[in-house]
Amino acid sequence: MHATFPLGRPAGIAVGAHWSVLPAMALLAGFLARSPLPDTVPGLSPAVYWATGVTGSLVFLASLLVHELSHALAARDRGLVVDGITLWLLGGRTEPDGDPPSPRAAIAVAVAGPVASLAAGAGFLVAGLLSTGVAAPALTWLGWANLLLASFTLLPGAPLDGGRVLQALVWRRTGDRRRARAAAARSGHVLGVVLVAAGLLQVVWSGSLAGLWPAGLGWFLAWCARAELATCAPRS
Ligand SMILES: [Zn+2]
């Protein structure tokens with residue numbers, strides 16, 4: 001997947017966005033403008049809700065970038081060349097060239113993103129508590145969204161960050177990189193299938209289409225994990 005348009009070079013790392021970011025941002029702005037903002041602070045004009053919703057979705061995009069930049073800077077600190085970061089529909093993608101030199105370095109690179117999201121989430125929640133008006137629910141939503149992002153990415157299955165941690169731990173224990181990669185990919189596949197099942201059960205049980213989100217994410221996770229597993233097969 002390639003970036004459709006460049007967004008600059010913070011800290012010397014090329015950042016770009018795939019076109020799929022635009023509908024995701026529009027959906028998010030619409031959701032914020034129609035639900036949490038008017039529900040919490042009613043009686044304002046639609047223009048205020050929409051302006052805050054658009055700002056909130058842009059700040060969320062920026063916090064995704066902070067997550068990815070943290071991975072990229074941690075990778076560069078450990079001697080890896082980072083080709084660039086691409087933001088897209090389901091988040092971001094940092095492209096280091098090559099593998100981390102040790103399990104310890106792999107863990108440091110993997111946890112850098114979730115740690116940044118946890119810090120951002122806590123910061124937004126505090127800012128939400130200290131704010132008034134329509135900014136308060138927007139900041140609170142950004143806080144929970146970042147905490148959810150950190151928690152989701154720490155789930156122990158590749159290609160998620162938690163999967164990279166699992167991979168590094170198996171690598172350290174067995175000394176076998178390929179076996180570690182396969183174990184993390186298998187775990188990612190199981191995790192994806194569980195998420196699809198949980199999402200579909202939610203749709204059937206409650207009749208709410210909200211379950212399609214975890215189901216879609218799970219399907220994508222399982223698909224990526226299978227593709228990764230295929231690269232772990234012993235060469236004949
Ligand atoms: Zn990450």
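Remember, it's a predicted structure, so these values are computed and weren't measured experimentally.

Thresholds, definitions, all that
Residues numbered from 1 in each chain as written. Predicted model: local features only at pLDDT ≥ 70, side-chain atom pairs only at ≥ 80, totals over all residues. Heavy atoms only, no water. Helix = DSSP H or I, 4+ residues; strand = E, 2+ residues; numbered from the N terminus. Rg over C-alpha atoms; globule rule 2.2 N^0.38 Å. Contact = heavy atoms within 4.5 Å. Areas by Shrake-Rupley, 256 points an atom, 1.4 Å probe, with all protein chains shown as cover. Lys, Arg positive; Asp, Glu negative; His and termini not counted. Charge placed at Lys NZ, Arg CZ, Asp CG, Glu CD. Donors = N, O, S within 2.8 Å, 3.2 Å for Na, K, Ca; no water. Tetrahedral: all angles 85-135°; square planar, octahedral: opposite > 155°, others 65-115°. Core = buried A, V, L, I, M, F, W, Y, C linked by side-chain atoms within 4.5 Å. Buried < 20%, exposed > 50% of the residue type's maximum accessible area, 1.4 Å probe, protein only. Domains from an automatic or database assignment. Buried area = accessible area lost by both parts, 1.4 Å probe. Polar contact = N/O pair within 3.5 Å; in protein donor to acceptor, adjacent residues only side chain to side chain. Phe/Tyr/Trp six-rings, centres within 6.5 Å; stacked < 30°, edge-to-face > 60°. Pairing = 2+ DSSP bridges. Expected span 1.5 Å × (residues − 1).

Asker: Explain the overall build of the protein chain to me, please; I cannot follow it from the model alone.
Answerer: Counting its regular elements, the protein chain contains 8 helices and 4 strands. N-terminal to C-terminal, the α/β element order of the protein chain is β-β-α-α-α-β-β-α-α-α-α-α. Here the protein chain has a C-alpha radius of gyration of 19 Å; the compact-globule value for 236 residues is 18 Å, and the two agree. Principal axes of the C-alpha set define a box for the protein chain whose edges measure 65 × 45 × 30 Å. Across the protein chain, contacts joining residues at least 24 apart in sequence account for 59% of those joining residues at least 6 apart. When the accessible surface of the protein chain is split by element, carbon and sulfur atoms take 68% of a total near 12500 Å². The distance from the centre of the 16 positive side-chain charges to the centre of the 10 negative ones in the protein chain is 7 Å.

Asker: Is there a simple way to explain the coordination of the zinc ion in this structure?
Answerer: Four donors placed tetrahedrally about a metal ideally form angles of 109.5 degrees, and six donors placed octahedrally ideally form angles of 90 or 180 degrees. Bound to the zinc ion are the protein donor atoms His 67 (NE2), His 71 (NE2), Asp 161 (OD) and Asp 161 (OD), situated 2.0 to 2.7 Å from the metal. For the zinc ion, the 4 donor atoms are set out with angles of 52 to 152 degrees between them, so the coordination reads as irregular.

Asker: Could you clarify how one ought to interpret the nonpolar core in this entry?
Answerer: Inside soluble globular proteins, nonpolar side chains tend to come together where they are buried. In this structure, Ile 85 and Leu 87 are the most contacted members of the largest nonpolar core, which totals 31 residues. Elements that contribute at least two residues to this core include exactly strand E2 (15–17), helix H1 (21–34), helix H3 (46–77), strand E3 (81–88), helix H4 (103–130) and helix H5 (135–153). No other element matches H3, which puts 9 residues into this core. Look past the residues within four positions of Leu 87 in its chain and what remains in contact with it is Leu 7, Gly 16, Ala 17, His 18, Val 21, Leu 61, Leu 64, Leu 65, Glu 68 and Gly 92. Membership of the second largest hydrophobic core comes to 5 residues, among which are Ala 106, Ala 168, Val 170 and Trp 171.

Asker: Looking at this structure, how should I read the domain arrangement of the protein chain?
Answerer: Interface size, as often reported, equals the accessible area lost upon joining of the parts. According to the domain assignment, the protein chain contains domain 1 (5–154) and domain 2 (176–236). Here the C-alpha centroids of domain 1 and domain 2 sit 23 Å apart. Taken together, the contact pairs 6 residues of domain 1 with 4 residues of domain 2. Overall, the association of domain 1 and domain 2 removes approximately 500 Å² of surface from exposure, summing both partners, and the carbon and sulfur fraction of that is 76%. Linking domain 1 with domain 2 are 2 residue pairs in polar contact (both at pLDDT 80 or more).

Asker: What is the right way to look at the packing of aromatic side chains in this model?
Answerer: In this description, a pair of aromatic rings is defined by centroid distance and the angle of the planes. Enumeration over the complete set of coordinates arrives at 5 aromatic pairs. Aromatic pair Trp 88 and Phe 220: ring centres 5.2 Å apart, planes at 55 degrees, arrangement tilted. Taken together, the residues span a long stretch of sequence, with Trp 88 in strand E3 and Phe 220 in helix H8 (residues 212–230) at a distance of 132 residues. Of the residues examined, Trp 88 reaches a relative accessible area of 17% and is grouped as buried. Chaining the aromatic ring pairs together yields one cluster made of Trp 88, Trp 219, Phe 220 and Trp 223.

Asker: Would you mind going over the pairing of strand E1 (residues 5–8) with me for this structure?
Answerer: Side-chain positions along a regular strand alternate between the two faces of the sheet. Summarising the sheet, E1 and E2 pair through 3 bridges and their orientation is antiparallel. Paired with Phe 5 across the bridge in E2 is Ala 17.

Asker: Just to check I follow, could you spell out the environment of Leu 28 for this structure?
Answerer: Residue position: Leu 28 is located in helix H1. Sequence-wise, Leu 28 and Val 54 are 26 residues apart; in three dimensions their C-alpha atoms are separated by 8.0 Å.

Asker: Looking at this structure, I do not really get helix H6 (residues 161–174). What am I missing?
Answerer: Residue pairs spaced three or four apart in an α-helix point in one direction, given the helix's 3.6 residues per turn. Compared with an ideal rise of 1.5 Å per residue, which puts 14 residues at 20 Å, H6 spans 20 Å between its outermost C-alpha atoms and is within 8% of the ideal. Within the span of H6, buried status applies to Asp 161, Gly 162, Gly 163, Val 165, Gln 167, Ala 168, Val 170 and Trp 171. Residues of H6 that are buried in the fold lie against H3, H4, H5, helix H7 (177–206) and H8. In the segment just after H6, Gly 175 is the residue with positive phi, at about 75 degrees.

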